[in-house]
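For reference, the chains in residue letters:
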Amino acid sequence: METAEIRRRWLTYFENRDHTVVPSAPLIYDDPNLLFVNAGMVPFKPYLLGQQTPPWPRATSVQKCVRTGDIEEVGKTSRHGTFFQMNGNFSFGDYFKQGAIELAWGLITTSQTQGGYGLDPERIWPTVFRDDDEAFALWRDLIGVPAERITRRDENDNYWHMGVPGPGGPCSELFYDRGPEYGAEGGPAVDEDRYMEFWNLVFMQDDLSAVRSKADFDVAGPLPAQNIDTGMGLERMASLLQGVDNLYEIDEVFPVLDKAAEMTGKKYGAHSGHAASSSHPDDVHLRVVADHVRSSLMLIGDGVTPGNEGRGYVLRRMLRRAVRAMRLLGYEDVALPHLLPVSKDRMKASYPELETDFARISQIAYAEEDAFRRTLAQGITILDTAVADVKAKANGGSATLGGDQAFALHDTYGFPIDLTLEMAAEQGVAVDQDGFRTLMQEQRARAKADAKAKKHGHADTEVWKELRELGATDWIAYQSLSAEGTVRGLVVDGEQVAELQPGQTGQVVLDRTSFYAESGGQIADSGTITADGSTLKVIDVQRPVKGLVVHTVTVEGGPVTVGSAAYAQVDPDWRLSACQAHSGTHVVHAALRQVLGPSALQSGSYNKPGYLRLDFAWNSALSEATRSEIEEVANLAVRQDLPVSAQYMTLPEAKEWGALALFGETYDEEVRVVEIGGPWSRELCGGTHVAHSSQVGAISLTGESSVGSGVRRVEAMVGIDALRYLGKERTLLSQITGLLKAQSSEELPERIHELLTRVKESEREIARLHQQQLLADAGRLVNEASDVYGVQFASVDLGDGAADDARTLAIDLRQRFGNDRPAVVAVTVTAKGRPSIVVATNEAARRWGVQAGALVKVAAGVLGGGGGGKPDLAQGGGTNPAKTGEALEAGEHAIGSTVPTR
């Protein structure tokens, strides 16, 4: 039974039993505690917590999930995968333990001809929480499972929670005995490879206030209603029904593995047993490829792009681990163009959008592989040199690569730390991970200090949950710039307070507000709140939990107290400029797609009054002509005075209507679609907009750049700010025209070309004179050469200059020595702040065993880098120009370890 059919049967079974089928939420979900959706219940969390009233008593879904905590275990076990699909059925205060158990047993044991999965009831082993006598009795007495096949387990195995405060409860897991060839007899407690877990029935009844570990938590009390949350691993059920050993061999994953095996010349399974613990390393690498390629496909499909932080780093790590695994299997050519289409073809049956969006997805993935291949070429050389150096210094003892060296590889060359760990371990060298993490934390702390103070310095989610229980904020930002209301809560440093004093900064929660809270790329409104004589300057507005709008304010006159009548007033000029920028973003996005094609999809945006930036899928820089065309299309749309409107509809209706969703955003069942000029621009959007496109004003593209593999960014000014920008450009152009004494700006290209030509000629003349000076000093350097164990050694540090200068002088000096006696020449130079060294040997030195490549590695190591080359001429470099003198001395001393005793 194919995985898509298992999925279809699940949804049909529960739909026929009064469950509403809910589509999968995107992998990127609006939850401050989660990087990705990691469980089927995540989209239902507000209902399970009682924060919102569920629209249905019963629901079912097949939710896309990603878990990366066990990424190092991928391929080594039959259970660990990064992307997976969780089949779930949910009850919100409807049926409870008995209903969940009966529904589960009915689906898995009903024959396949009657629409079930047809598992053998005699091979199913339920487990229950140690104190859950009710669940034990239901399995034994209602279902008829023998007591010896029902296992009681503790909190580590049979109590479920998300690892953070929220819903939890005892659970009952279902395991299937795959037979003695997979391991020892005795049930799940003995061997979880032989006995594979495939379904977890969570009896959600507790509200957890604190979670310290899997087994250590505090129960605040019961949930408002007893709920059911079950999760059946779709991939695990597929492995059982398809009779394969693990999830990597099912129909949605194995074709990628098989293609990787074909490309690398490996035969999967030839040297492995049934149990994952007996897997050959080649098979582990092939599984990593299959898993990570599929996971990357799904992540990019849901809007994640490779980066160095958060979700982007997870994607980058998986893509690079897949490429790295192919290299370990002996394949060093480009791999993803052969593998990603295979994964797409297998997954499109369940997710047809992968095929329609594959041009964008593949563009991003292939660009990341190209970037990584360049990183590998540079980073591997540097890492190998560093590893060799620490091993030499260890003199046969345990060697450790410094945290500063690992950080330099990551920060300077983009070499991921996990790859450093893997490659160092392969050569028997440890890495100072604590030192690396300390440096990373220091860097992130510096980079995020301002954003953290603004976004997260006010409180944790608990205080907002308490205020949300008082009611949702009546948000009227679309209808009005002002609102009368009441101060419902005040917060300082994460704690509720009764009042805020003049000069204090804190958070204010009103029962009604007209302020736009930052979302969808649009920054928050600016303005004031007045309350019983106090004046509050609004500096930020956020939604820390769903339904609650929080204003960060500075008290300019006060104090302000809880319960005070309040008046919220948005700065009208600020809002107008913000509307211009947000509508301008939609206009530029539509212009991009019109000029470049439908694959140029927006992957992120940011807009504030007068300014916008837009990230989109594209793998090459835009030409000046293309940028001009995009700008013209956008301004023509402005001139046409296109109507701008917003409509509400269900998400399926919006997609059918052709509305574009912004990647990374989470949408409710009912969504808002903003339309500009009919079908020309239709996007899901919660932002504020102008009424007609002409109100955007002028749009001036100010920049275009790369922000990641396969992702470009355009920036623009809009409205009066665009005119001001163009005015500054005009003034600058006038100044340049005057400086070059041109009659008009049309003459500037020719005048600048003439000027650059003269500059280049002057640079060449200076370089020629410099070369003559160097060669004039060559005779002196030969005469002053030192004797190192019979080898003539000449060295010089040229200081600042060009790398070619060092190479030219080294070759000239070597020729002047001739071949009567062994001679070595070493020349250092610092170009653009980075030192390099060139070593040359004559034929007599090479007959003695003195090799230029060996000497340059030693010297370049002192500079903090590496190098290599041929025995007669080699070059290296590093990062520390202050050590060029030490590098030359190190090269001289290294001669003594290579020449024979004479």
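Residues numbered from 1 in each chain as written. Predicted model: local features only at pLDDT ≥ 70, side-chain atom pairs only at ≥ 80, totals over all residues. Heavy atoms only, no water.

**Q** Explain the overall build of the chain to me, using residue names and the numbers behind them.
**A** A tally of helices and strands in the chain yields 25 helices and 35 strands. Dimensions of the chain, computed from the C-alpha atoms along their principal axes, are close to 100 × 80 × 50 Å. For the chain, with 902 residues in total, the buried portion stands at 52%. Of all intrachain contacts in the chain linking residues separated by at least 6 positions in sequence, the fraction that spans at least 24 positions is 69%. Seen as two clouds, the 89 positive and the 123 negative side-chain charges of the chain have centres 5 Å apart. (Helix = DSSP H or I, 4+ residues; strand = E, 2+ residues; numbered from the N terminus. Buried < 20%, exposed > 50% of the residue type's maximum accessible area, 1.4 Å probe, protein only. Contact = heavy atoms within 4.5 Å. Lys, Arg positive; Asp, Glu negative; His and termini not counted. Charge placed at Lys NZ, Arg CZ, Asp CG, Glu CD.)

**Q** Which residues make up the confidence of the model for the chain, and what values go with them?
**A** Mean pLDDT over the chain works out to 89, with 95% of the residues at or above the 70 mark. Per-residue pLDDT stays below 50 along residues 450-459; that stretch engages in 17 contacts with residues further than four places along the chain or on separate chains. (pLDDT = per-residue confidence, 0-100.)

**Q** So what's going on with unusual backbone geometry? Residues and values would help.
**A** The phi dihedral of Asp 493 is positive, around 50 degrees, even though this residue is not glycine. For Lys 741, which is not glycine, the phi torsion reads 55 degrees and is therefore positive. Counting through the fold element by element, Lys 741 comes out in the loop between helix 20 (719-739) and helix 21 (748-783).

**Q** For the pairing of strand 19 (residues 534-542), give the residues involved together with the corresponding values.
**A** Sheet analysis places strand 18 (residues 527-531) next to strand 19, joined by five bridges and oriented antiparallel. By the bridge assignment, Thr 530 is partnered in strand 19 with Thr 535. In this antiparallel pair of consecutive strands, strand 18 and strand 19, the connection spans two residues, and Asp 532 shows a positive phi of 50 degrees. Direction of pairing for strand 19 relative to strand 20 (residues 550-557): antiparallel, over a ladder of seven bridges. Counterpart to Asp 540 in the pairing with strand 20 is Thr 552. (Pairing = 2+ DSSP bridges.)

**Q** Help me get a handle on the sheet that holds strand 31 (residues 791-800), residues and values and all.
**A** An order of 30-31-32-33-35-34 is seen for the six strands of this open sheet, with the pairing classed as mixed. The open sheet is flanked by strand 30 (786-788) and strand 34 (866-869), the only strands paired with a single partner. The average angle at which neighbouring strand axes cross in this sheet is 20 degrees, direction not considered. Each of strand 31, strand 32 (823-831), strand 33 (834-841) and strand 35 (873-877) is contacted by helix 22 (residues 803-817), which is oriented at about 165 degrees to strand 32, the strand it contacts most. (Axes fitted to C-alpha atoms, helices over the stretch in contact; angles between N-to-C directions.)

**Q** For the pairing of strand 35, give the residues involved together with the corresponding values.
**A** Regular strands have side chains that alternate between both faces of the sheet. Judged by how many residues are buried, strand 35 sits mostly within the fold: four of five residues are covered. Of the pairings in the sheet, the one linking strand 34 to strand 35 comprises four bridges and is antiparallel in character. For Gly 869, the partnering residue across the bridge sits in strand 35 and is Ala 874. Hairpin geometry of strand 34 and strand 35 is characterised by an intervening segment of three residues between the two adjacent antiparallel strands.

**Q** How would you sum up the pattern of salt bridges? Please name residues and give values.
**A** According to the stated counting rule, one finds 44 salt bridges in the structure shown. Linking Arg 130 and Asp 131 is a salt bridge whose minimum nitrogen-to-oxygen distance equals 3.7 Å. Looking at Arg 130, the relative accessible area reads 40%, which means it is partly exposed. Among the residues examined, Asp 131 registers a relative accessible area of 55% and is labelled exposed. (Salt bridge = Lys/Arg side-chain N within 4 Å of Asp/Glu carboxyl O.)

**Q** Lay out the state of the cysteines with the relevant residues and their values.
**A** Under the definition given, this model contains zero disulfides. Between Cys 65, a cysteine without a disulfide, and Cys 171, which holds the nearest cysteine sulfur, the sulfur-to-sulfur distance is 16 Å. Note on Cys 65: relative accessible area 0%, which makes it buried. Of the cysteine sulfurs around Cys 685, a residue in no disulfide, the closest is that of Cys 579, at 10 Å. (Disulfide = S-S within 2.5 Å.)

**Q** So what's going on with the sheet that holds strand 24 (residues 611-617)? Which residues, and what values?
**A** The four strands lie next to each other as 23-24-29-28, forming an open sheet whose pairing is antiparallel. Two strands lie at the open edges of the sheet, namely strand 23 (602-608) and strand 28 (699-708), each paired on one side alone. When strand polarity is set aside, the average angle formed by the axes of neighbouring strands in this sheet is 15 degrees. Summarising the sheet, strand 28 and strand 29 (residues 711-718) pair through eight bridges and their orientation is antiparallel. Across the sheet, the residue bridging to Gly 708 is Val 711, located in strand 29. Contacts from helix 17 (residues 572-596) reach strand 23, strand 24, strand 28 and strand 29, with the element oriented near 30 degrees to strand 24.

**Q** Just give me the short version of helix 12 (residues 358-394), but keep the residues and values in it.
**A** The first and last C-alpha atoms of helix 12 sit 50 Å apart over 37 residues, in line with the 54 Å expected at 1.5 Å per residue. Along helix 12, the helix axis deviates most sharply at Gly 379, where the bend reaches about 30 degrees. (Expected span 1.5 Å × (residues − 1). Bend = angle between axes of the 7 residues up to and from the residue.)

**Q** Can you explain the packing of helix 1 (residues 3-15) against helix 6 (residues 234-241)? Please cite residues and give values.
**A** One can describe the packing of helix 1 onto helix 6 by two numbers: an axis separation of 9 Å at closest approach and a directional angle of 115 degrees. Taken as a pair, helix 1 and helix 6 cross one another with a handedness that is right-handed. Here Thr 3, Ile 6 and Arg 7 of helix 1 come into contact with helix 6, specifically with Leu 234, Met 237, Ala 238 and Leu 241. Residue composition of the contact of helix 1 with helix 6, grouped by class: five nonpolar, one polar and one charged. (Left-handed = near helix turned anticlockwise from the far one by under 90°. Nonpolar A, V, L, I, M, F, W, Y, C, P; charged D, E, K, R; others polar.)

**Q** So what's going on with the packing of aromatic side chains? Which residues, and what values?
**A** Counted under the stated rule, the structure contains 19 aromatic pairs. Both rings, one in Trp 10 and one in Phe 14, keep their centres 4.7 Å apart while their planes meet at 50 degrees; by these two values the pair is tilted. Of the two residues, Trp 10 and Phe 14 both sit in helix 1, four residues apart, roughly one turn of that helix. Phe 14 shares its class with Trp 10; the two are buried. Between Trp 56 and Phe 92 the ring centres are 6.1 Å apart and the planes differ by 40 degrees, which places this aromatic pair in the tilted class. Taken together, the positions of Trp 56 in the loop between helix 2 (45-48) and strand 2 (58-66) and Phe 92 in strand 3 (residues 83-92) put the pair 36 residues apart, joining distant regions of the chain. This pair shows no difference in class: Trp 56 is buried, exactly as Phe 92 is. Taken together, Phe 44, Tyr 47, Trp 56, Phe 90 and Phe 92 form an aromatic cluster joined through their ring pairs. Residue placement shows Arg 543 over the ring face of Trp 475; its charged tip is 4.5 Å from the ring centre. (Phe/Tyr/Trp six-rings, centres within 6.5 Å; stacked < 30°, edge-to-face > 60°. Lys NZ or Arg CZ within 6 Å of the ring centre and 35° of its normal.)

**Q** Which residues make up the nonpolar core, and what are the values?
**A** Ranked by internal contacts, the top residues of the largest apolar core, which has 113 residues, are Ile 108, Trp 139, Phe 198 and Trp 199. Sort the elements by how many residues they give to this core and helix 12 lands first, with twelve residues. Residue contacts for Trp 199: discarding those within four places in its chain leaves Trp 10, Phe 14, Asn 89, Ala 104, Leu 107, Ile 108, Ser 172, Glu 173, Leu 174, Thr 230, Gly 231 and Met 232. With 30 residues, the next largest nonpolar core counts Ala 581, Leu 614, Val 638 and Val 696 among its residues. (Core = buried A, V, L, I, M, F, W, Y, C linked by side-chain atoms within 4.5 Å.)

**Q** How would you explain the side chain of Asn 227 if you had to name every residue and give the values?
**A** Along the chain, Asn 227 turns up in strand 9 (residues 217-233). Asn 227 sits in the buried class, given a relative accessible area of 2%. A polar contact of 3.0 Å, which involves the side chain of Asn 227, links it to the backbone nitrogen of Gly 93. In this view, Asn 227 contacts Tyr 47, Leu 48, Ser 91, Phe 92, Gly 93, Phe 96, Val 202, Phe 203 and Met 204; residues no more than four positions away in its chain are not counted. (Polar contact = N/O pair within 3.5 Å; in protein donor to acceptor, adjacent residues only side chain to side chain.)

**Q** I'd like to hear about a negative patch on the surface, residue by residue, with values.
**A** On the surface, Glu 466, Glu 469, Asp 493 and Glu 495 cluster together into a patch of negative charge. Structurally, Asp 493 is set in the loop between strand 13 (482-492) and strand 14 (495-497). Residue classification places Asp 493 among the exposed positions, given a relative accessible area of 66%. (Patch = residues over 30% accessible without salt bridge, like charges linked within 9 Å, V, L, I, M, F, W, Y side chains within 5 Å. Areas by Shrake-Rupley, 256 points an atom, 1.4 Å probe, with all protein chains shown as cover.)

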